[in-house]
Amino acid sequence: MSELSDQELLALFRKEESRHYAFNLMVRQYQQRLHSFVRRMVTDPDETKDVLQNVFIKAWNGLDRFREDAQLYSWLYRIAHNESISHLKRMRRGLFVNHDAVIERLTTTLDSSEHFSGDAIQRKLQRAVMKLPEKQRAVFTMKYFEQMKYEEMSTVTGTSVGALKSSFHIAVKKIEQWVTDDRTK
Amino acid sequence: MSTQLDNDDLERLAPNLARIPKVDPFRVEEGFFERFPHQVQTLLAHEKRGAWSTVWVRRAAFALPLLALLVGGWWFFRPLPQHPPADQVATTESLSTEELYILEEDGLLADLAPEELPEHAASSEAPALEADELAAYYELTGTDLTDLIENL
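For clarity, every value in this text was computed on a predicted model and none was experimentally measured. (Residues numbered from 1 in each chain as written. Chains lettered and ligands numbered in written order. Predicted model: local features only at pLDDT ≥ 70, side-chain atom pairs only at ≥ 80, totals over all residues. Heavy atoms only, no water.)

Some words on the overall build of chain A
Then, number 1: If you tally the helices and strands in chain A, you get 9 helices and 0 strands.
Then, number 2: Counting from the amino terminus, helix and strand elements in chain A follow one another as α-α-α-α-α-α-α-α-α.
Then, number 3: Across chain A, every contact between residues at least 6 apart in sequence was considered, and the portion connecting residues at least 24 apart equals 63%.
Then, number 4: Here chain A has roughly 8,700 Å² of accessible surface; of this, 48% comes from carbon and sulfur atoms. (Helix = DSSP H or I, 4+ residues; strand = E, 2+ residues; numbered from the N terminus. Contact = heavy atoms within 4.5 Å. Areas by Shrake-Rupley, 256 points an atom, 1.4 Å probe, with all protein chains shown as cover.)

Following this line, the structure appears as structure tokens:
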């Protein structure tokens with residue numbers, strides 16, 4: 001099925017009789033790209049699914065207030081970004097642990113996951129990404145893996161382009177250091 | 001140092017990172033993306049029902065304590081049957097002469113402390129009169145002493 005434009009999806013969504021159909025199309029259209037981002041942030045497949053479900057439920061509840069001058073994907077991505085960060089913070093608070101303990105848990109999840117198909121270097125990279133603070137991890141994931149433009153990232157995160165460039169630069173330096181350290185060990 | 005970073009910058013800044021192929025190493029279970037939209041729709045149906053009940057639970061959670069507070073307030077401040085203090089009765093209602101005669105002196109004095117009693121009431125004995133005082137009293141009241149002696 002060919003993808004519908006944002007305007008076509010929204011027009012269908014605003015009609016009561018095609019509301020669910022339009023939303024279903026929207027989920028199908030954007031689920032894979034959003035899943036990829038959330039998975040890199042959260043790592044665990046079950047938690048990724050929970051976060052993604054919350055993203056779409058929030059989208060359903062807020063779609064009536066969506067402004068058509070914005071991009072639907074950016075708006076969904078912003079919800080996914082906020083939900084992922086909230087999930088990681090909740091996990092930290094729920095476990096009464098610090099950032100390092102959360103990393104430890106995510107690393108264990110990654111190592112034991114049968115849904116991770118990467119080789120050793122991919123595993124090292126993913127471990128290094130998980131060491132980044134939540135917001136920096138989001139910035140790195142959006143720029144490095146998703147190759148988003150800074151302007152789009154700014155819309156998603158609500159952070160200035162300059163601050164995002166800085167954050168990405170710092171994240172790259174940290175990851176390079178961790179990947180290099182791992183290689184030399 | 002510039003923070004502008006493109007691919008060339010990445011190779012210069014992070015050569016080891018730049019050499020790692022950008023692939024998605026995460027797998028999803030078979031049929032995940034076919035099932036997921038249905039799961040979302042199912043959740044939305046639950047969400048609708050849940051939203052309705054949640055609204056009523058929230059209303060009840062607000063209304064019940066308020067109701068309990070109102071009932072408690074009414075109970076605490078409700079008007080009680082009036083029992084005015086004795087001194088208020090004495091000052092606000094005057095007794096007729098007949099009512100005053102009905103009152104027993106002992107009853108009136110019963111609640112008083114000994115030091116509050118009038119001097120003549122402190123002793124149960126009648127005040128003693130001299131013979132000439134008694135004679136003057138009988139003369140004043142016109143009492144016939146002969147009748148008095150016969151009646152004793």
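Now that the structure is up, let's keep going.
Side note on unusual backbone geometry
What is expected of a backbone is that most residues other than glycine have negative phi and most peptide bonds are trans.
Then, number 1: Although it is not a glycine, Thr43 of chain A adopts a positive phi angle of roughly 75 degrees.
Then, number 2: Topologically, Thr43 of chain A is positioned in the loop between α2 (19-42) and α3 (45-62).

Digging into a nonpolar patch on the surface
Then, number 1: A cluster of nonpolar side chains, Phe62, Leu66, Leu69 and Leu70 of chain B, forms an exposed patch at the surface whose accessible area comes to about 470 Å².
Then, number 2: Positionally, Leu66 of chain B belongs in helix α3 (residues 32-77). (Patch = residues over 30% accessible without salt bridge, like charges linked within 9 Å, V, L, I, M, F, W, Y side chains within 5 Å. Salt bridge = Lys/Arg side-chain N within 4 Å of Asp/Glu carboxyl O.)

Topic: the confidence of the model for chain B
Then, number 1: Scored by pLDDT, chain B comes out at a mean of 75, with 64% of its residues at no less than 70.
Then, number 2: The secondary-structure element of chain B with the lowest mean pLDDT is helix α7 (residues 119-122) of chain B, recorded at 54, while helix α2 (residues 15-19) of chain B shows the highest, at 90. (pLDDT = per-residue confidence, 0-100.)

Some points on the interface of chain B and chain A
Then, number 1: Contact residues are listed per partner, giving 35 residues for chain B and 44 residues for chain A.
Then, number 2: Interface area, chain B with chain A, both sides summed: about 3,900 Å², of which 62% is carbon and sulfur.
Then, number 3: At the junction of chain B with chain A, the criterion picks out 1 salt bridge.
Then, number 4: Two residues, Arg40 of chain A and Asp24 of chain B, come together in a salt bridge whose shortest N-O distance is 3.9 Å.
Then, number 5: For the pair chain B and chain A, the interface holds 11 residue pairs in polar contact (both at pLDDT 80 or more).
Then, number 6: Looking at the side of chain B that touches chain A, the elements that each hand over two or more residues are α1 (7-13), α2 and α3 of chain B.
Then, number 7: Looking at which element gives the most residues to the side of chain B that touches chain A, the answer is α3 of chain B, with 13 residues.
Then, number 8: Looking at the side of chain B that touches chain A residue by residue, the classes come out as 20 nonpolar, 7 polar and 8 charged. (Buried area = accessible area lost by both parts, 1.4 Å probe. Polar contact = N/O pair within 3.5 Å; in protein donor to acceptor, adjacent residues only side chain to side chain. Nonpolar A, V, L, I, M, F, W, Y, C, P; charged D, E, K, R; others polar.)

Some thoughts on the nonpolar core
Generally speaking, nonpolar side chains in soluble globular proteins are found buried as a group.
Then, number 1: Among the nonpolar cores identified, the biggest contains 70 residues, and Phe23, Met26, Leu34 and Phe140 of chain A together with Leu17 of chain B are the most heavily contacted of them.
Then, number 2: No other element matches the 11 residues that α2 of chain A contributes to this core.
Then, number 3: With sequence-adjacent residues up to four places away left out, Leu34 of chain A is seen in contact with Leu52, Val55, Phe56, Tyr73, Leu76, Tyr77 and Ala80 of chain A. (Core = buried A, V, L, I, M, F, W, Y, C linked by side-chain atoms within 4.5 Å. Buried < 20%, exposed > 50% of the residue type's maximum accessible area, 1.4 Å probe, protein only.)

Things to note about the confidence of the model for chain A
Then, number 1: Confidence along chain A averages 87 in pLDDT terms, with 94% of residues attaining 70 or more.
Then, number 2: Across chain A, element-level confidence peaks in α3 of chain A with a mean pLDDT of 94 and bottoms out in helix α5 (residues 99-112) of chain A with 72.

Here we look at the packing of helix α6 (residues 120-131) of chain A against helix α7 (residues 134-145) of chain A
All names here are of chain A.
Then, number 1: Axis separation between α6 and α7 bottoms out at 8 Å; the angle between their running directions is 140 degrees. For the element pair α6 / α7, the angle class is oblique. On the side of α6, the interface is formed by Leu125, Val129 and Met130, while α7 contributes Arg137, Phe140, Thr141, Tyr144 and Phe145.
Then, number 2: Split by residue class, the contact of α6 with α7 holds 6 nonpolar, 1 polar and 1 charged. (Axes fitted to C-alpha atoms, helices over the stretch in contact; angles between N-to-C directions. Parallel < 35°, antiparallel > 145°, perpendicular 65-115°, else oblique.)

Some thoughts on the packing of aromatic side chains
Then, number 1: Under the criterion given, the structure shown has 18 aromatic pairs over all chains.
Then, number 2: Within the aromatic cluster, the residues linked to one another by ring pairs are Phe13, Phe23, Phe56 and Trp60 of chain A together with Phe32, Phe33 and Phe36 of chain B.
Then, number 3: One Lys or Arg, Lys143 of chain A, reaches over the ring of Tyr150 of chain A and ends 4.4 Å from the middle of that ring.
Then, number 4: Sitting over the face of the ring of Trp75 of chain B, Arg78 of chain B holds its NZ or CZ atom 4.0 Å from the ring centroid. (Phe/Tyr/Trp six-rings, centres within 6.5 Å; stacked < 30°, edge-to-face > 60°. Lys NZ or Arg CZ within 6 Å of the ring centre and 35° of its normal.)

Quick look at α2 of chain A
A turn of α-helix holds 3.6 residues, and therefore any two residues three or four places apart point the same way.
Residues and elements named next belong to chain A.
Then, number 1: With 24 residues, α2 should cover 34 Å at 1.5 Å per step; its first-to-last C-alpha distance of 30 Å lies more than 12% under that length.
Then, number 2: Maximal helix bending in α2 amounts to about 50 degrees, located at Gln31.
Then, number 3: Most of α2 is tucked away, with 19 of its 24 residues classed as buried.
Then, number 4: Backbone geometry just after α2 places Thr43 at a positive phi near 75 degrees. (Expected span 1.5 Å × (residues − 1). Bend = angle between axes of the 7 residues up to and from the residue.)

Thoughts on the packing of α2 of chain A against α7 of chain A
When two helices pack together, their arrangement is given by the angle between the helix axes and by the axis-to-axis distance.
Residues and elements named next belong to chain A.
Then, number 1: Two elements in contact, α2 and α7, have axes whose closest approach is 10 Å; the angle formed by their N-to-C orientations is 140 degrees. The orientation of α2 with respect to α7, classified from their angle, is oblique. The way α2 lies across α7 gives a crossing that is right-handed. When α2 is examined against α7, the residues Phe37, Arg40 and Met41 are found in contact with a partner set consisting of Glu134, Arg137, Ala138, Thr141, Met142 and Phe145. (Left-handed = near helix turned anticlockwise from the far one by under 90°.)

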